[in-house]
Every structure is written in C-alpha cells, then in structure tokens.
Amino acid sequence: MSRNPENTFPVCNVSGRKARLFILLALLIQLFSTGLFAAPKNAFGGVRDNEKFPIGWFSYQGFVWQWGSWGLGLNSPTSLNYFNSKSFVCDPGSVTTTVTTICSGTNPNVFATVVGATGDGTFSGYQWEQSTDGISWSNATGGTGATTESFQVTAGLTQTTQYRRRATFTGCVDPVYTDVLIITVTALPVVSITGSSSICAGGTTTLSPTTGGTWVSSNTAVATVTNAGVVTAVGAGSATFTFTSNAAPNCEATTSAVTVTALPVVSITGSSSICAGGTTNLSPTTGGTWVSSNTAVATVTNAGVVTAVGAGSATFTFTSNTAPNCEATTSAVTVTALPV
C-alpha cells in the first residue's frame, strides 16, 4: 500500500496474471454496467499519477474506470492499479479568548474551544503552539493544557505572543491549525521616587509620573499622595505608592518604599518663664543639637540648658543627629528683665 503525495488516497498495485484478470473484469463491467463507471479518461496516457481531480475522479496514466470514489487504472498491458480516490477533509475547529490585550507580567484568560477539530481518519491529538513573530512556531510552554482543547498561560507574558492550536488526523497528511490568537502585551508604567525616599513626619517628597493616571498609597496612616505625585508624610512607618495608567488596559506599577520618621519629642522641663540671667531646661539632652530662635532673649546648649539674656520670648528647635535629621520646636520661654 502506498500513499499519493498530493491526494492522500491509498493505491493498491496488481501485476501479471492477476492484472489481466482485473482488466478483463473491468472491461466486462464497463460494457454491461453503463452508468456505473465513467468512460475511460485519457486512455493512452499523458496524465500524471499525482494530478489532482475533484472527489469521484482519479487520474492515472492509462485507462481509468471510476465508480464513486473507487476506480481501476491500467498502467500497462500487465499492470493494474486499484485505488480509492476519496478526498480527506480535516477541520481544525476554532478557539477564542475574552481578553487579547494585557499588561506585562500578567496572563490572558483561558484559550477556550468554540468548536472542536473534526476530520477523516483517526484523531491523533491537539498541540498548542506559540510564536513571537508569526513565522517561527514552537510547542506552547508556560501554561497548562498544551495538548488539550483549551490552554491557559500561567507564566506571565512579557512580550506580544501569538497562539494557535494544531490538530492531527491519520486521514490527512498535514496537520490543521486554528486561526491565530494574538495576545498584545503592554509595558508597565515607569515609576520612580524623584524626591527623598526617607522623610520626616509632616514633610513631603515627590513621585513620577505626575500626569496620565492615579496614585494610591499603600498606607495612608504613614503617607498620603496626590495624583500629581506629591507625597505628604503623616506618621512613622513605610509606604509604597501604586500608579495606574488611564490608558487601557490600565497597567499599574508600584514604587519602592518611602520611610517616614517621627519627629523628636521636645519639651521645656524647667520653667517657661524666667528672669534675665536665669536658666531653665529642655528635653532631650542628647542625640542632637539645640538652636534658639532669638539669642538676644535666650541662648541654649546642646544639653538643653537655656540661659536668659534679655526681655522677650524665644523658642528652641532640636534637630536629631539621625537621618533624616528630623526636628521639633518647643513652645516659647518668656524672659523678664530685672528691675532697675
């Protein structure tokens, strides 16, 4: 048994005495069964044995008799071919998915079957294939169900990728393929902290981009953010900020963390009203530096000792030695001049 290279039908070869008997039988049928067989086609050659004809016809160099999809061909006075000219039909079916544009690193919805593959012969199976250029195809990876009707990508796509399903039948020489599903991958927004990533409570920093989407804080008790990318520190801790693009498919990206440090706790531990030449005390007494708002009224050491100089009021600001060097200011100390 051999297979015609273009028409996928089996051919049986008979020669010698058997061939002559078959030829005689065919001639008898031709003579006495008018209408069942076609008249000889190209009786004396000139037709290639791989030339295509519609269903119900078959070509062979020499005499050809046909009945339905079956026929007899005379190749030589002592050689006969008996063949089936049936044309095999294979349909790959169809597939679909509900989302064709996704964000980088995410997965499309399942590639589902609309219609399963059908065809002549024995069904050999499915194989999903993938390509990034539509030219070079390979078996699909990074998912589940690659040899079933439906396929689910699970690896997270980072570039636009095409998918198709291959079906194979023993009745067809070549496999058949569904239409291609193209999954377009959109890049994530590029986000960054353009200001400081370590700020004090009450302070601010900035993010990029400043337009084209919305910003959201992961922890509003630590820091809030505007859609213009301005971050305001609220309390100690860390927070990240996620930007979502206004353009479909609304991809999003998240910044690294911004750390917020609480302000130093400062207080006047002595009297807040003293006479010129007198002293009072502040807290803390270590870990930073103190500065007076008005040295003509009072001075202060880094140990928090205030010395009154002249009548008036002054406040005192403590700056922590630890980054981000947060600072806090006391309430006012009042100095009264000595009587004359």
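Everything here concerns the structure above.
No experiment lies behind these values; they were computed from the predicted model shown.

### Observations concerning the overall build of the chain
Part 1: Each helix and strand in the chain was counted, giving 1 helix and 37 strands.
Part 2: Looking at the chain as a whole, 36% of its 340 residues qualify as buried.
Part 3: The contacts of the chain with a sequence gap of at least 6 include a subset with a gap of at least 24, amounting to 52%.
Part 4: Only carbon and sulfur atoms are counted for the fraction: they give 55% of the accessible area of the chain, which is about 17,600 Å².

### Brief notes about the pattern of salt bridges
Part 1: Going through the model one piece at a time under the given rule, you end up with 2 salt bridges.
Part 2: A salt bridge links Arg164 to Glu129; its shortest N-O distance comes to 2.8 Å. With Arg164 in strand S15 (residues 161-169) and Glu129 in strand S11 (residues 123-131), this residue pair connects regions lying 35 residues apart in the sequence. Taken as a pair, Arg164 and Glu129 share a single burial class, namely buried.
Part 3: A salt bridge links Arg166 to Glu129; the shortest N-O distance between them is 2.2 Å. In this pair, Arg166 is assigned in strand S15 and Glu129 in strand S11, connecting sequence segments 37 residues apart.
Part 4: Looking at Glu129, the relative accessible area reads 5%, which means it is buried.

### Concerning unusual backbone geometry
Part 1: In this structure, Pro249 follows Ala248 across a cis peptide bond, with omega equal to 10°.
Part 2: Of note in this structure, Asn250 is not a glycine but carries a positive phi near 60°.
Part 3: Structurally, the position occupied by Asn250 is in the loop between strand S25 (241-245) and strand S26 (252-254).
Part 4: Its identity is not glycine, yet Asn325 carries a phi of approximately 55°, on the positive side.
Part 5: Checked against the element boundaries, Asn325 lands in the loop between strand S35 (316-320) and strand S36 (327-329).
Part 6: For Asn325, a relative accessible area of 39% puts it in the partly exposed group.

### A word on the state of the cysteines
Part 1: As enumerated under the stated definition, the model contains 3 disulfides in all.
Part 2: Note that Cys90 is cross-linked by a disulfide to Cys172, the S-S spacing being 2.0 Å. Between Cys90 and Cys172 the sulfur-sulfur dihedral comes to about 100°; the bridge is accordingly right-handed. In this pair, Cys90 is assigned in strand S6 (residues 90-91) and Cys172 in the loop between S15 and strand S16 (176-177), connecting sequence segments 82 residues apart.
Part 3: Owing to a relative accessible area of 14%, Cys90 belongs among the buried residues under this scheme.
Part 4: When its relative accessible area of 14% is taken as the criterion, Cys172 is described as buried.
Part 5: Of note for the chain: the bonded cysteines, numbered N- to C-terminal, pair according to 1-3, 2-5, 4-6.

### Here's the deal with the pairing of S25
Part 1: Residues Phe241, Phe243 and Ser245 line the buried face of S25, whereas the alternating positions Thr242 and Thr244 sit on a face that is not buried.
Part 2: The pairing of strand S21 (residues 213-217) with S25 spans 5 bridges and is antiparallel. Note that in S25 the partner of Ser217 across the bridge is Phe241.
Part 3: Bridge count between S25 and S26: 3 bridges; the pairing is antiparallel. Counterpart to Thr244 in the pairing with S26 is Glu252.
Part 4: If you look at the hairpin formed by S25 and S26, you'll find 6 residues sitting between the two strands, and Asn250 has a positive phi there, around 60°.

### Here we look at the side chain of Thr161
Part 1: The topology assignment puts Thr161 in strand S15.
Part 2: Of the residues examined, Thr161 reaches a relative accessible area of 6% and is grouped as buried.
Part 3: A distance of 2.9 Å separates a polar side-chain atom of Thr161 from the backbone oxygen of Gln159.
Part 4: With residues up to four places along the chain from it excluded, the contact list for Thr161 reads Gln130, Ser131, Thr132, Leu181, Ile182 and Ile183.

Cut-offs used in this document
Residues numbered from 1 in each chain as written. Predicted model: local features only at pLDDT ≥ 70, side-chain atom pairs only at ≥ 80, totals over all residues. Heavy atoms only, no water. Helix = DSSP H or I, 4+ residues; strand = E, 2+ residues; numbered from the N terminus. Buried < 20%, exposed > 50% of the residue type's maximum accessible area, 1.4 Å probe, protein only. Contact = heavy atoms within 4.5 Å. Areas by Shrake-Rupley, 256 points an atom, 1.4 Å probe, with all protein chains shown as cover. Salt bridge = Lys/Arg side-chain N within 4 Å of Asp/Glu carboxyl O. Disulfide = S-S within 2.5 Å. Pairing = 2+ DSSP bridges. Polar contact = N/O pair within 3.5 Å; in protein donor to acceptor, adjacent residues only side chain to side chain.

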